[in-house]
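What follows is each chain in one-letter form.
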Amino acid sequence: MTVNLEVAEGVGTLRLDRPPMNALDVATQDRLKELAEEATRRDDVRAVVIYGGERVFAAGADIKEMQAMDHTAMILRARALQDSFTAVARIPKPVVAAITGYALGGGCELALCADYRIAADNAKLGQPEILLGLVPGAGGTQRLPRLVGPSKAKDLIFTGRQVKADEALAIGLVDRIVPAAEVYEQAHAWAARLAQGPAIALRAAKEAIDTGLETDIDTGLAVERNWFAGLFATEDRDRGMRSFVEEGPGKAKFL
């Protein structure tokens, strides 16, 4: 399989496994969607890590496969391509990308689907589609400007240039830089910590933030208000408040 889902300690790792560069061909895209939907459904998966291995995250699309596609073929495929990445972005649980080596084109777009990005100090990210006479097609023109702002996104997309980890951190494209050997360990630790948290409240927080970024503030506030009130019906709310009153802050156990 080109993508695998491994579950341990409440953390599901979506592991790309298509050597040597994890090129995202059609089969990999479809498998990614299938496993993202499985991670969404599974109660034993409470947080997710996206990982490409020790050497590379994903170097982009399978260019040879794309070159063989004509206009009609891509019209039929483009929606499925976006849907596979959207399935990752819509996992209603905390998702962290563990980025080693190259995260280019579709690889960068996949990283953009995560809630948090931890990069190796040797990572390189970019959207080089313009160098092929194309634009990003798996969400890059939409998710990248929402993350780093329109001018920085246009610079990366217009030029197709790659950015090293330090620049990616400076512009907000990644959130933390660690030594390459520690990327997966750090990402798994981030996910494992949240896997111990209140699952419904984490889902609520993610939905409220993501919805608010895509709509007007009044609609976003309505989503927040509904979730805030609704969480008062959950066992986790009872447990969290009872622990706060009896033991002090930060000591509640939600599993």
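Overview of the structure. Small disclaimer: the values here were computed from a predicted structure and weren't measured. (Residues numbered from 1 in each chain as written. Predicted model: local features only at pLDDT ≥ 70, side-chain atom pairs only at ≥ 80, totals over all residues. Heavy atoms only, no water.)

A closer look at the sheet that holds strand S9 (residues 176-178)
Right, on to step 1. Taking strand neighbours across the sheet as the criterion, the six strands line up as S1-S2-S3-S4-S6-S9 in an open arrangement whose pairing is mixed. Both outer strands of the open sheet, strand S1 (3-8) and S9, are each paired with one neighbouring strand and no more. Ignoring which end each strand starts from, the neighbouring axes of this sheet average 20° apart.
Right, on to step 2. As paired elements, strand S3 (residues 47-51) and strand S4 (residues 95-99) share four bridges and run parallel to each other. What sits directly across from Val-49, in S4, is Val-96. (Pairing = 2+ DSSP bridges. Helix = DSSP H or I, 4+ residues; strand = E, 2+ residues; numbered from the N terminus. Axes fitted to C-alpha atoms, helices over the stretch in contact; angles between N-to-C directions.)

A look at the pairing of strand S2 (residues 11-16)
Right, on to step 1. With five of its six residues buried, S2 lies for the most part within the structure.
Right, on to step 2. As judged from the six bridges shared by S1 and S2, these two strands associate in the antiparallel manner. The residue bridging Val-3 from the neighbouring strand is Leu-16, located in S2.
Right, on to step 3. Hairpin connection, S1 to S2: the antiparallel pair is bridged by two residues, and Glu-9 has positive phi, about 55°.
Right, on to step 4. Looking at chain direction, S2 and S3 are connected through five bridges and run parallel. Among the inter-strand pairings, Thr-13 is bridged to a residue of S3, identified as Val-49.
Right, on to step 5. The handedness of the S2 to S3 crossover, carried by helix H1 (residues 26-41), is right-handed. (Buried < 20%, exposed > 50% of the residue type's maximum accessible area, 1.4 Å probe, protein only. Right-handed = clockwise from strand over helix to strand, strands pointing away.)

Focus on the pattern of salt bridges
Right, on to step 1. Summed over all chains, the structure comprises 14 salt bridges.
Right, on to step 2. Between Asp-30 and Arg-77 there is a salt bridge, with its nearest N and O atoms 2.8 Å apart. Linking Asp-30 in helix H1 with Arg-77 in helix H3 (residues 71-89), this pair joins segments that are 47 residues apart in sequence.
Right, on to step 3. Overall, Arg-77 belongs to the buried group, its relative accessible area being 14%.
Right, on to step 4. Residue Arg-161 is joined to Glu-167 by a salt bridge in which the shortest nitrogen-to-oxygen separation is 2.6 Å.
Right, on to step 5. Note on Arg-161: relative accessible area 30%, which makes it partly exposed.
Right, on to step 6. For Glu-167, a relative accessible area of 29% puts it in the partly exposed group.
Right, on to step 7. Where salt bridges share partners, they join Arg-18, Asp-25 and Asp-62 into one cluster. (Salt bridge = Lys/Arg side-chain N within 4 Å of Asp/Glu carboxyl O.)

So, the side chain of Asn-22
Right, on to step 1. Mapped onto the secondary structure, Asn-22 falls in the loop between S2 and H1.
Right, on to step 2. Only 3.3 Å separates the side chain of Asn-22 from the backbone oxygen of Val-56, close enough to count as a polar contact.
Right, on to step 3. A polar side-chain atom of Asn-22 sits 3.0 Å from the main-chain carbonyl oxygen of Phe-57.
Right, on to step 4. Each residue touching Asn-22, except ones within four places of it in the same chain, is listed here: Leu-16, Asp-17, Gly-52, Val-56, Phe-57, Ala-58, Ala-59 and Gly-60. (Polar contact = N/O pair within 3.5 Å; in protein donor to acceptor, adjacent residues only side chain to side chain. Contact = heavy atoms within 4.5 Å.)

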